Amino acid sequence: MSGRFVRSSKYRHVFGRPTRKEQCYDNLRVSRNAWDTNLVKANPKYLSVNWEAGGGGAFAVIPLEERGKLPERIPLFRGHTAVVLDTDWNPFNDDLIASGSDDGRVFLWRVPEGFTLSPDVDADDIQDVAPVGKLSGHPKKVGHVLFNPAAENILATASGDYTVKIWDIEAGASKLTLNVGDIVQSQSWSANGSLLVTTSRDKKLRVWDVRQERPAHEGQGHTGAKNSRSVWLGERDRFATTGFSKMSDRQLALWDIRSPQLPIDGFKTLDSISGVCMPFWDDGTQCLYLAGRGDGNIRYFELENDKFEYLSEYKSADPQRGIAFMPKRGVNMHENEVTRAFKTVNDTYIEPISFIVPRRAETFQDDIYPPTVGLKPAMSASEWFGGKEAIPPKISMGSLYDGQGLKEVTGIQDKPTSNLGTESKPEPKSEPEAKPAPQVKTTESAPETTPVVKPAPSMKEQGASMAAMVNKFADDEEAEPAEESSFDEPSKPIERATRSPGTSSPTVKDSPFLQKENSAKISSPVSASPAPADRSQSPAQSTFNAQPTSSPASTTGSTAAGASSVPADAVQREISAIKDLIAEQTKTIASQALQVQNLTAEIESLKAKLG
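Residues numbered from 1 in each chain as written. Predicted model: local features only at pLDDT ≥ 70, side-chain atom pairs only at ≥ 80, totals over all residues. Heavy atoms only, no water.

Caption draft 1: Quick look at the pairing of strand β24 (residues 277-282). Within β24, six of the six residues are buried, which leaves it mostly tucked inside the rest of the structure. Burial of the side chains of β24 extends over both faces: Cys277, Pro279 and Trp281 are buried on one face and Met278, Phe280 and Asp282 on the other. Bridge analysis of β24 against strand β25 (residues 287-292) gives six bridges, and the strand direction is antiparallel. Looking across to β25, one finds that methionine 278 is bridged to alanine 291. (Buried < 20%, exposed > 50% of the residue type's maximum accessible area, 1.4 Å probe, protein only. Helix = DSSP H or I, 4+ residues; strand = E, 2+ residues; numbered from the N terminus. Pairing = 2+ DSSP bridges.)

Caption draft 2: Local environment of the sheet that holds strand β9 (residues 96-101). Spatial ordering of the open sheet is given by β8-β9-β10-β11, a layout of four strands whose pairing is antiparallel. Two strands close off the open sheet at either side, each with one partner strand: β8 (84-89) and β11 (133-136). In this sheet, adjacent strand axes meet at a mean angle of 20° when their direction is disregarded. By the bridge criterion, five bridges tie β9 to strand β10 (residues 105-110) in an arrangement that is antiparallel. (Axes fitted to C-alpha atoms, helices over the stretch in contact; angles between N-to-C directions.)

Caption draft 3: Expanded view of the pattern of salt bridges. Under the criterion given, the structure shown has 34 salt bridges. Linking glutamate 22 and arginine 20 is a salt bridge whose minimum nitrogen-to-oxygen distance equals 3.0 Å. Given a relative accessible area of 49%, glutamate 22 falls into the partly exposed group. Its relative accessible area of 55% is what places arginine 20 among the exposed residues. Between glutamate 218 and arginine 206 there is a salt bridge whose closest N-O contact spans 3.4 Å. Highlighted residues: glutamate 218 in strand β19 (residues 214-220) and arginine 206 in strand β18 (residues 204-209), separated in sequence by twelve residues. For glutamate 218, a relative accessible area of 45% translates into the label partly exposed. By relative accessible area, which is 4% here, arginine 206 ends up buried. (Salt bridge = Lys/Arg side-chain N within 4 Å of Asp/Glu carboxyl O.)

Printed below as a string of structure tokens:
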């Protein structure tokens, strides 16, 4: 019976479209080094490729419009004395790139203006590009480099010396050091740039409070001997990992940063293929793409109700060793392309793969292209080191579709980093649906947003209220205050509380990761947005829970008797009592939700053992 019903999703029929060989980037010499990185990185203007070069290390930068077979001699980005292991593009400047090498150094590069792989000079006169900055501090190889997605000029580098260093590249100095204790296999920043999740060779999963230089959480990750990867799921308080079980089965796991002791619904087995799964998150479609290293397949899932719902799989006979995904602002919206991947094939060429929503595209499809991050950072490096947290401003994809360039969308950047309890895909201009969520601790500066919800009066109460209103207007006495009437005016929409860009959210010092696991209170180390009672409950629950201290009948009775107006302090006391009641019931719901989650995990564990 279960097969009769199909889950509704606008991305259920997304398909991957390959590119003809003549439109690929051919005649490459992709690095054959065995270090586990993606080998390729992309932005809307360029591709960077780790190059197989003699006499030191180098990488190539390929302009996206220069397709086809490349010349035998091209200008390389050369300067390392050993093989280049990883590169990363600056998210706020498409012409800046960082590289890490086996020589232990990190170089910064700027793509020259008008850069081309086919300069109008003789092959012997082609000049390689030199670095514009050097960062020295790691005594061993630098295997991973990753720019902060919210702050300008902040770079994280993971090294063979078992540390991750946080650099202020403008100052050219390392300001923070995270002592991991083993080789780092992957790292991923949270959307507001305050947290960093790492996986390492010791099979530990760590969520770092970077500016405190200590792990907010450290626990068991995937138990297999092969490498694991991690990726933060955009502005959510979730991240995903891929790895292996003890039986070498490939696994996928979804983690909640509020309780990361165990993954949500356990580890999901994918298959028994030996290649590492490289995860990529698309925040616009809420989809996760898994590309196998050593096989040609790319499967993709949609995150819904804290579950990865399988969508489809792009299959290819050509295996990939490296792969990169295009930032959202670089996709082709006129063809309904939601993302684009660049995979290496046979270490000789790179093939673009477009993932397309099959629908007519005469006009802009705003439902699949919500606002996305542009080129403006949320804060400077000094503000980030000072403790600020913020989301970068968003740009309108519609303005890019119409050829108007980057047009900033106001208000979107004030959205909280984490969507506590959010189950639906976030839309740019609508409130997400929410399930009962734990009570969130907020700073004293956070505004109070809990509304007072009154129950709907019965027919008898409405009749008594009408009689009271007639008696009131028949008398010559002063009109009673509006609070005494049982007729409530239609409530105005409650505006969401927004943080000013200079306001920082709570740090991870108050995080539950540093407390005991059996703590009853749960707080988010990422978000400073409170969880109002009306958003964490259904309307019926909110109406039921917010019982007033006095009934409408007694209120109308006192009005009909011609009593004097109720003092304002009495009304305030009633409102305060209702707020206290709502807060207590919210805590109770949070505790019950935690118990349900624990019971669900136990049931899944028992099913796995019996199954």
